[in-house]
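Secondary and tertiary structure notes
Below, each chain spelled out in residue letters.
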Amino acid sequence: MTGVPQQATLADDRTWAFEAVQSVSRTFALSVELLDEPMTEWVCTGYLLCRTADTIEDEPTIPMGRRAELLETFDAMLAEDSGTTVEDFLSAVEPETPADGGDDWAVLGQTDRIVRLWRSFPDPVQDGMRSITREMATGMADILRRHEDSGGLRLETLDELEEYCWYVAGTVGQLFMKLQAARADPDDPTPDPEDARAFALLLQLVNIAKDVRADWDEEHNVYLPGEWLAEEDLDHEAVAEPEHSTAVARVVGRVVDQAADYAHGAQRYLSTVPEGDNGGLLEATALPYLLALGTIRELRERTVDAVEQPDAVKLEREEVEALLAEAEDGFTRDQVRDLAATVRAGPYHEQ
């Protein structure tokens, strides 16, 4: 496994972390680019900690029970006064590393750089990242163990789907909220945790809906609730069967509806994010919300495409660039509400 280059400084690590985020999630990197320091550094590092856990959870070449064990080792590494070191974690991962793991595994191989950055932060920031990342890792491990004899994740109920979404996205949302609190003015409104949860579930349910085919092809996972598939006289394997595309699409449509139901709570959450000259917090938070609303709009028109073709449903580059340009110019909360209404109605074009 690779690691911290000799003579690398924290400044080198900061540069690397920003580039690493761009390599594994261009969409998330758009939000990061809207932030000012120290939030940029904090968010990049926190995201990469979470991404390390996610890379293990997603890897189909590793048996699910073994993935759970690696996540538990990762969790132990993050614990205060732990006897488990970064080197212990990387040594455990090395035999399981896929030959061509791509950018995600290249980033995981430099977990020591991520941890070194994390340990350089103020104690409240470190503690916030620790608690959230450990919750994510242990929650993922629990779900993997629950399904380790299924050949892949096969979620059975809406509650289990939302539990999964919480561990992979809600925890990241909580991380962002904790970092926001570290910079908050005492006069800023306090977000309702349920609204923060709605924000996170909106984003992840949209991802589940649009990536249903890619998740099957790449990871052999089906996140659509088995109870909803059963109402269509289908099982999880029907996702891969062309003759059932229309019926599976109806289930995907229900996931889209569930995501849309969280939009009001997500909007309430955004109404608590500081606006104006406050480090780009509102812009960085509102952009993925607007992109999710646009994706819901597209999914309603092309649900069967999402079932039949990987990456078939996504926003046109022109719309993404137009919304990014608005964010770069700066948002107010009222402008976010207006943009949300516009995006729901149709593709957004720069004014």
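Before any of the text, the structure's been laid out above.
The structure contained in this document is the topic of the report that follows. (Residues numbered from 1 in each chain as written. Predicted model: local features only at pLDDT ≥ 70, side-chain atom pairs only at ≥ 80, totals over all residues. Heavy atoms only, no water.)

Turning to the overall build of the chain, a few remarks are in order. Within the chain, the secondary structure is distributed over 18 helices and 0 strands. Compactness check: the chain gives a C-alpha radius of gyration of 20 Å against a globular reference of 20 Å for 351 residues, within 12% of the reference. Across its three principal axes, the chain shows a C-alpha extent of roughly 55 × 50 × 30 Å. Looking at the 351 residues of the chain, the share that counts as buried comes to 58%. In the chain, the share of contacts with a sequence separation of at least 24, taken over all contacts with a separation of at least 6, comes to 75%. Accessible area of the chain: about 14,900 Å², with a carbon and sulfur share of 44%. Side-chain charges in the chain split into 29 positive and 74 negative, and the spacing between the mean points of these groups amounts to 1 Å. (Helix = DSSP H or I, 4+ residues; strand = E, 2+ residues; numbered from the N terminus. Rg over C-alpha atoms; globule rule 2.2 N^0.38 Å. Buried < 20%, exposed > 50% of the residue type's maximum accessible area, 1.4 Å probe, protein only. Contact = heavy atoms within 4.5 Å. Areas by Shrake-Rupley, 256 points an atom, 1.4 Å probe, with all protein chains shown as cover. Lys, Arg positive; Asp, Glu negative; His and termini not counted. Charge placed at Lys NZ, Arg CZ, Asp CG, Glu CD.)

With that out of the way, let us pick up the pattern of salt bridges. The full count for this structure, using the stated rule, is 25 salt bridges. For Arg145, the salt bridge goes to Glu72, with nearest N and O atoms at 2.8 Å. Placement of the pair is Arg145 in helix H8 (residues 123–146) and Glu72 in helix H4 (residues 64–78), with a sequence separation of 73 residues. Of the residues examined, Arg145 reaches a relative accessible area of 32% and is grouped as partly exposed. (Salt bridge = Lys/Arg side-chain N within 4 Å of Asp/Glu carboxyl O.)

Before going further, it helps to spend a moment on the layout of surface pockets. Empty space within the second largest pocket amounts to approximately 150 Å³. Every residue lining the second largest pocket is counted, 14 residues in all, and those nearest its centre are Met77, Ala79, Glu80, Asp81 and Arg119. Residue assignment for the lining of the second largest pocket shows that the elements contributing at least two residues are H4 and H8. The leading source of residues in the lining of the second largest pocket is H8, at 3 residues. Classifying every residue of the lining of the second largest pocket by side-chain character gives 5 nonpolar, 4 polar and 5 charged. (1 Å grid on protein atoms, 1.4 Å probe; cavity = no way out; pocket = protein on both sides within 12 Å on 5 of 7 lines; lining within 4 Å. Points joined across faces, edges and corners; volume = space filled by probe spheres on them. Nonpolar A, V, L, I, M, F, W, Y, C, P; charged D, E, K, R; others polar.)

A word on empty space enclosed by the protein. Tallied over the entire structure, the rule returns 1 cavity of 30 Å³ or more. Each pocket or cavity is described by its volume, and for the largest cavity that value is around 50 Å³. In this structure, the largest cavity is lined by Phe28, Val43, Tyr47, Val172, Leu175, Phe176 and Leu179. Elements with a contribution of two residues or more to the lining of the largest cavity: helix H3 (39–58) and helix H9 (158–183).

Now for the packing of aromatic side chains. The final tally for this structure, using the stated rule, is 4 aromatic pairs. Judged by centre distance (4.1 Å) and plane angle (15 degrees), the rings of Phe28 and Tyr47 are stacked. With a gap of 19 residues between them, Phe28 in helix H2 (residues 26–32) and Tyr47 in helix H3 connect regions that are remote in the sequence. Taken together, a centroid distance of 5.3 Å and an interplanar angle of 50 degrees make the contact between Phe74 and Phe89 tilted. In this pair, Phe74 sits in helix H4 while Phe89 sits in helix H5 (residues 86–93), placing the two residues 15 residues apart along the sequence. The same class applies to Phe74 and to Phe89, which are both buried. (Phe/Tyr/Trp six-rings, centres within 6.5 Å; stacked < 30°, edge-to-face > 60°.)

In this model helix H13 (residues 245–261) runs 24 Å from its N-terminal to its C-terminal C-alpha over 17 residues, within 8% of the 24 Å that 1.5 Å per residue would give. Among the residues of H13, those classed as buried are Ser245, Ala247, Val248, Ala249, Val251, Val252, Gly253, Val255, Val256, Gln258 and Ala259. (Expected span 1.5 Å × (residues − 1).)

Turning to the environment of Ala341, a few remarks are in order. The residue Ala341 is located in helix H18 (residues 333–345) in this model. The class of Ala341 is partly exposed, set by a relative accessible area of 45%. Taking the C-alpha atoms as reference points, Ala341 and Ser150, separated by 191 residues in sequence, lie 42 Å from one another.

So, about unusual backbone geometry. Pro38 follows Glu37 through a cis peptide bond whose omega is 5 degrees. Here Pro38 lies in the loop between H2 and H3. The residue His220 is not glycine, and still its phi comes out positive at about 60 degrees. Within the element layout of this structure, His220 appears in the loop between helix H11 (212–219) and helix H12 (226–231). Take His220: its relative accessible area is 31%, and that puts it in the partly exposed class.

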